[in-house]
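Residue-level structure breakdown
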Amino acid sequence: MSEEAEGGIEWGEGDPRVLLVMNIILSSIFATVVVWALDYASLWTFNVVNVVTAALVLTAITYLVTK
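In this text, all values refer to a predicted model and were calculated from it rather than measured experimentally. (Residues numbered from 1 in each chain as written. Predicted model: local features only at pLDDT ≥ 70, side-chain atom pairs only at ≥ 80, totals over all residues. Heavy atoms only, no water.)

1. Some remarks on the overall build of the protein
The condition is simple: Secondary structure elements are defined from DSSP: runs of H or I of at least 4 residues count as helices, runs of E of at least 2 residues count as strands, and each element is numbered from the N terminus. Burial classification: accessible surface area is computed with a 1.4 Å probe over protein chains only, and a residue below 20% of its type maximum counts as buried, one above 50% as exposed, and the rest as partly exposed. It only takes one pair of heavy atoms within 4.5 Å for two residues to be counted as in contact. Each accessible area is a Shrake-Rupley result for a 1.4 Å probe, and residues are judged covered by the shown protein chains and nothing else.
Counting its regular elements, the protein contains 2 helices and 0 strands. Per-residue burial for the protein yields a buried fraction of 13% across its 67 residues. For the protein, contacts bridging at least 24 residues in sequence account for 40% of all contacts bridging at least 6. Here the protein displays about 5700 Å² of accessible surface, and carbon together with sulfur accounts for 70% of that area.

Structure (structure tokens):
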């Protein structure tokens, strides 16, 4: 019997474009929440530039960690 027939699942790498878009979307959502929380605590101003900066940093870190 093959491994798949025994219950094993073969996982592919996936389309890198889909993974990149998911990374950007999830990093943007997380960055928005973090910057909003920091603004709520009066530590950082909530504006588009700060959210985009945080999202780009998170996207880059996530991309480097997963490579």
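From this point on, the discussion continues.
2. Remarks on the pattern of salt bridges
Where we set the bar: Here, a salt bridge means any Lys or Arg side-chain nitrogen found within 4 Å of an Asp or Glu carboxyl oxygen.
All told, the structure shown has 1 salt bridge when counted by the stated rule. When the shortest N-O distance is used, the salt bridge between Asp15 and Arg17 registers 3.0 Å.

3. What about the environment of Ile61?
Checked against the element boundaries, Ile61 lands in helix α2 (residues 48-66). Using a relative accessible area of 46% as the deciding quantity, one classes Ile61 as partly exposed. For the pair formed by Ile61 and Ser27, sequence separation is 34 residues and the distance between their alpha carbons is 9.9 Å.

Without other data, these values stay purely geometric and don't point to any function.
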